[in-house]
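# Summary of structural features
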4 protein chains.
Amino acid sequence: MNHAALRTELHRLHLELPKNGLVTWTSGNISARVPDGDTGGMLIKPSGVTFEDLTPEGMVLTDLEARVLDSDLSPSSDTATHAYIYRHMPQVGGIVHTHSPYATAWAANARDIPCILTAQADEFGGPVPCGGFALIGGEEIGAEVVRVLTNHRSPAIILKSHGVFTIGPTPAKALKAAVMVEDVARTVFLAYQLAAATGGSVATLDPADIDKLYDRYTNVYGQRTSEVGK
Amino acid sequence: MNHAALRTELHRLHLELPKNGLVTWTSGNISARVPDGDTGGMLIKPSGVTFEDLTPEGMVLTDLEARVLDSDLSPSSDTATHAYIYRHMPQVGGIVHTHSPYATAWAANARDIPCILTAQADEFGGPVPCGGFALIGGEEIGAEVVRVLTNHRSPAIILKSHGVFTIGPTPAKALKAAVMVEDVARTVFLAYQLAAATGGSVATLDPADIDKLYDRYTNVYGQRTSEVGK
Amino acid sequence: MNHAALRTELHRLHLELPKNGLVTWTSGNISARVPDGDTGGMLIKPSGVTFEDLTPEGMVLTDLEARVLDSDLSPSSDTATHAYIYRHMPQVGGIVHTHSPYATAWAANARDIPCILTAQADEFGGPVPCGGFALIGGEEIGAEVVRVLTNHRSPAIILKSHGVFTIGPTPAKALKAAVMVEDVARTVFLAYQLAAATGGSVATLDPADIDKLYDRYTNVYGQRTSEVGK
Amino acid sequence: MNHAALRTELHRLHLELPKNGLVTWTSGNISARVPDGDTGGMLIKPSGVTFEDLTPEGMVLTDLEARVLDSDLSPSSDTATHAYIYRHMPQVGGIVHTHSPYATAWAANARDIPCILTAQADEFGGPVPCGGFALIGGEEIGAEVVRVLTNHRSPAIILKSHGVFTIGPTPAKALKAAVMVEDVARTVFLAYQLAAATGGSVATLDPADIDKLYDRYTNVYGQRTSEVGK
């Protein structure tokens with residue numbers, strides 16, 4: 001994809017965030033790696049702009065040190081985090097950040113989302129990990145994301161007291177992970193509430209079954225030649 | 001209905017899934033039995049396609065052994081389950097599968113949804129049963145659905161750690177059951193949460209009243225000549 | 001209003017039910033008293049028709065014994081209840097029935113919704129009462145609604161294990177009460193959940209303050225000459 | 001902004017209230033200070049009008065003693081509260097009032113919303129304070145808002161058994177605070193529910209980190225020259 005097409009795609013994906021209930025007001029952002037050039041770069045949401053006011057042209061181009069290359073707008077205040085992830089995880093082509101409510105409630109408990117649903121085994125291959133607390137502004141958040149997600153099946157991490165980051169080979173796949181992690185966070189939350197209110201318990205999944213489900217979903221699900229989960 | 005009309009109807013019904021909050025991203029699917037031919041067949045959602053990208057023409061035609069008859073697209077990864085149900089339950093003309101969140105929370109507790117509401121007695125004639133755990137890929141899920149729903153009043157089953165299957169004489173009626181099971185799962189969940197938080201209790205329904213409500217709803221409710229609950 | 005205008009208004013009000021999240025599929029209905037004729041009559045939703053398929057012309061005209069006067073469609077299965085209320089409460093001009101989820105969760109606990117919010121004191125003048133269990137089909141539900149709401153401040157009642165009925169001098173005002181009772185049922189539910197989870201407690205309102213709030217809202221709020229809360 | 005532009009803006013902002021799920025039926029209102037004239041004045045929502053029926057011209061102009069200056073419509077029944085706040089807090093240019101459900105559930109517990117999320121530290125700089133109970137009609141509510149919010153970081157207050165007031169230098173910024181306080185109230189609620197149901201606990205934020213986050217968000221976030229969070 002050339003820059004113009006990538007800007008259009010990135011704008012379209014941003015509109016999925018409010019549509020799927022993942023963001024409030026100006027929070028949340030998506031970036032796309034721009035592969036050309038010596039060191040590459042990325043396109044990312046401008047800071048503090050509402051989703052209604054976003055445009056393809058307004059997406060901010062930066063290098064992977066988070067320096068603005070070509071824009072009058074300031075980039076997302078999470079730009080340093082995105083840049084750090086792209087520098088350290090070459091397979092990542094897109095990143096999504098949200099404070100989606102159910103996933104953030106798990107993050108506020110500093111607790112992995114346990115893998116108790118087949119849909120969760122499919123998409124995440126196990127629990128969604130919770131990383132430690134890190135302050136915004138420098139490289140701490142990016143470093144925590146990279147530390148936890150490196151060689152991890154899950155494309156999603158929740159960060160203590162903060163929110164969600166998801167990664168993918170493309171921004172569309174990172175978005176899918178952001179949508180699914182909130183869906184899973186909500187249903188698992190409801191399952192624990194129900195167990196507590198009724199004196200019941202949440203059924204666990206056999207780790208061998210989680211492996212089988214993850215393997216099948218990764219290798220069989222979807223269309224061979226089209227963009228899965230576009 | 002001929003094939004073309006059935007494809008249009010099946011497409012229309014699929015759009016009701018996101019509209020009613022039953023699905024996330026590409027999850028969930030509906031199939032329709034195609035009555036003609038020696039052994040018959042079915043139309044079903046293609047795998048991993050978003051609801052926005054679905055078309056009537058994209059619905060995949062398979063036989064009742066889940067073999068694709070006429071499509072460049074792969075069918076839903078739940079196709080073997082749908083096929084098994086059609087083979088063993090000749091009265092079934094449509095099947096819906098979702099991971100709708102409240103019903104799935106009950107499934108994660110491996111627990112029937114108790115019948116405590118008149119609307120639930122109307123539609124399901126008693127508790128919504130929870131079947132055992134079964135892995136996707138072979139006939140285990142279909143076998144569990146058939147085992148539990150045969151001669152059962154409920155057109156809906158929840159499957160342990162997984163989600164919902166509903167059946168009906170038509171796909172439209174299976175869809176209605178999928179919508180109603182989530183509605184009931186949510187209100188019954190809220191009723192138990194409320195009882196737990198207030199030190200109260202959920203009132204039970206007399207089984208004789210459940211029978212009366214189910215009988216009346218089945219035989220009196222709706223229009224005699226039009227498609228009820230279209 | 002003549003019949004045609006009343007049909008148009010009744011159709012418009014029905015569309016507010018799904019828009020405000022009060023109904024699922026074909027459930028829920030509104031009626032309007034038709035004042036002319038010897039004994040009067042009412043217009044009501046046809047049975048088992050989805051909200052999308054409703055039309056002004058499809059509203060069913062019955063007398064106050066629930067006998068269809070002029071329609072090929074069967075009226076709502078709750079018609080006998082509406083008719084009973086109109087016969088026994090001459091000040092009532094409109095009735096709404098729903099299974100809205102939070103109010104129905106209180107009904108499933110067979111429990112009045114306690115008055116702990118100023119907005120609730122405004123609209124309902126105290127707790128929303130919960131009536132006893134009654135089977136559909138005869139006059140039992142109507143009799144219970146009339147018994148409880150006669151000389152009661154609240155225009156809303158919840159019925160054990162069932163759902164909500166609201167009354168008003170016009171269908172629009174009964175609809176407002178149906179919308180507000182669900183809003184109140186939800187916030188009060190959340191307040192009790194929060195208290196239970198945090199070891200806190202829900203603050204009570206002084207009955208004298210409830211009286212002052214109800215009096216002010218009834219006599220001062222809104223526009224003198226326009227249709228308040230249309 | 002002249003009066004006409006302010007009316008248009010105020011109308012546009014009102015439509016964000018139902019869109020963001022903060023209001024039900026006719027509840028909730030926004031006002032804008034009108035800076036010209038000797039003592040100034042304000043524009044505010046008319047009382048008891050639905051959001052669909054609002055128009056720019058229908059906004060009611062009053063002085064800061066809450067006397068109507070130019071309108072056939074009665075102003076919001078909360079007008080005296082708004083006027084009191086404008087008189088005592090000269091830096092306030094806009095005020096929003098809602099009964100948004102999660103924030104109101106905290107208010108019904110007479111409890112500050114504890115600051116446990118980075119997004120909350122950003123926007124509110126600490127807990128959202130809960131003020132005491134006050135009756136509508138006179139100056140009690142306004143006095144409580146002014147007492148609590150004077151020299152407080154938070155632009156939002158919840159009032160015991162009642163709801164939310166937010167203030168800002170412009171109505172748009174007060175609206176942003178109203179949207180964010182409900183978002184935060186919900187996620188913090190969910191975090192406590194989750195801890196209670198799982199035997200876990202909600203992680204606290206270090207007060208020094210709250211200060212750093214608040215400082216950064218106030219001074220770095222958003223665009224320097226554009227309207228942030230419009």
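Residues numbered from 1 in each chain as written. Chains lettered and ligands numbered in written order. Predicted model: local features only at pLDDT ≥ 70, side-chain atom pairs only at ≥ 80, totals over all residues. Heavy atoms only, no water.

All names here are of chain D. Of all 5 residues in strand β5 (residues 94-98), 5 are buried; the element is thus mostly enclosed. Alternating positions in β5 separate into two faces, Gly94, Val96 and Thr98 on one and Ile95 and His97 on the other, with burial throughout. In terms of strand pairing, strand β1 (residues 29-34) meets β5 through 4 bridges, oriented antiparallel. Bridged to Ala32 within β5 is Gly94. Across 5 bridges, β5 lies against strand β8 (residues 163-168) in antiparallel orientation. Bridge pairing in β8 places Gly94 opposite Gly168. (Buried < 20%, exposed > 50% of the residue type's maximum accessible area, 1.4 Å probe, protein only. Helix = DSSP H or I, 4+ residues; strand = E, 2+ residues; numbered from the N terminus. Pairing = 2+ DSSP bridges.)

Attention shifts here to the relation of the copies chain B and chain A. Here chain B sits on chain A after a turn of 90° about the axis and a move of 0.0 Å along it, with an RMSD of 0.0 Å. Both chain copies can therefore be described as sitting about a four-fold axis. It is Gln193 of chain B whose C-alpha, among those of chain B, lies nearest the rotation axis, at 5.4 Å. Little of the interface of chain B is mirrored in chain A, where only 3% of its interface residues are also at the interface. (Least-squares fit on C-alpha atoms with pLDDT ≥ 70 in both. Contact = heavy atoms within 4.5 Å.)

Working note: α-helix, 3.6 residues per turn, so residues spaced by three or four point in the same direction. Residues and elements named next belong to chain C. For helix α5 (residues 140-149), a buried count of 7 out of 10 residues is recorded, marking the element as mostly surrounded by other parts of the structure. Of all the positions in α5, only Ile141, Gly142, Glu144, Val145, Val146, Val148 and Leu149 are classed as buried. Against α2 (79-88), β6 (130-131), β7 (156-159) and β8 (163-168) lie the buried residues of α5. Downstream of α5 by one or two residues, Asn151 has phi in the positive range, about 60°.

Quick look at the sheet that holds strand β8 (residues 163-168) of chain B now. Residue and element names in this part refer to chain B. Taken together, the 8 strands give an open sheet; going across it, the order is β4-β3-β2-β1-β5-β8-β7-β6, and neighbouring strands pair in mixed fashion. Strands at the two margins of the open sheet, each flanked by one partner only, are β4 (68-70) and β6 (130-131). Against the sheet, helix α3 (residues 101-108) touches β6, β7 (156-159) and β8, its axis set at about 55° to β7. This element, helix α5 (residues 140-149), spans β6, β7 and β8 of the sheet and lies at about 135° to β7. (Axes fitted to C-alpha atoms, helices over the stretch in contact; angles between N-to-C directions.)

With that settled, consider the sheet that holds β8 of chain C. Residue and element names in this part refer to chain C. The mixed open sheet is built from 8 strands, whose spatial order is β4-β3-β2-β1-β5-β8-β7-β6. Edge strands, defined here as strands with exactly one partner in the open sheet, are β4 (68-70) and β6. Sheet topology note: the strand β1 (residues 29-34)/strand β2 (residues 41-44) ladder contains 4 bridges and is antiparallel. Bridging across to β2, Val34 finds its partner in Gly41. On top of the sheet, α5 reaches β6, β7 and β8; it is set at about 135° to β7, its chief contact. Contacts from helix α6 (residues 171-198) reach β1, β5 (94-98), β7 and β8, with the element oriented near 30° to β5.

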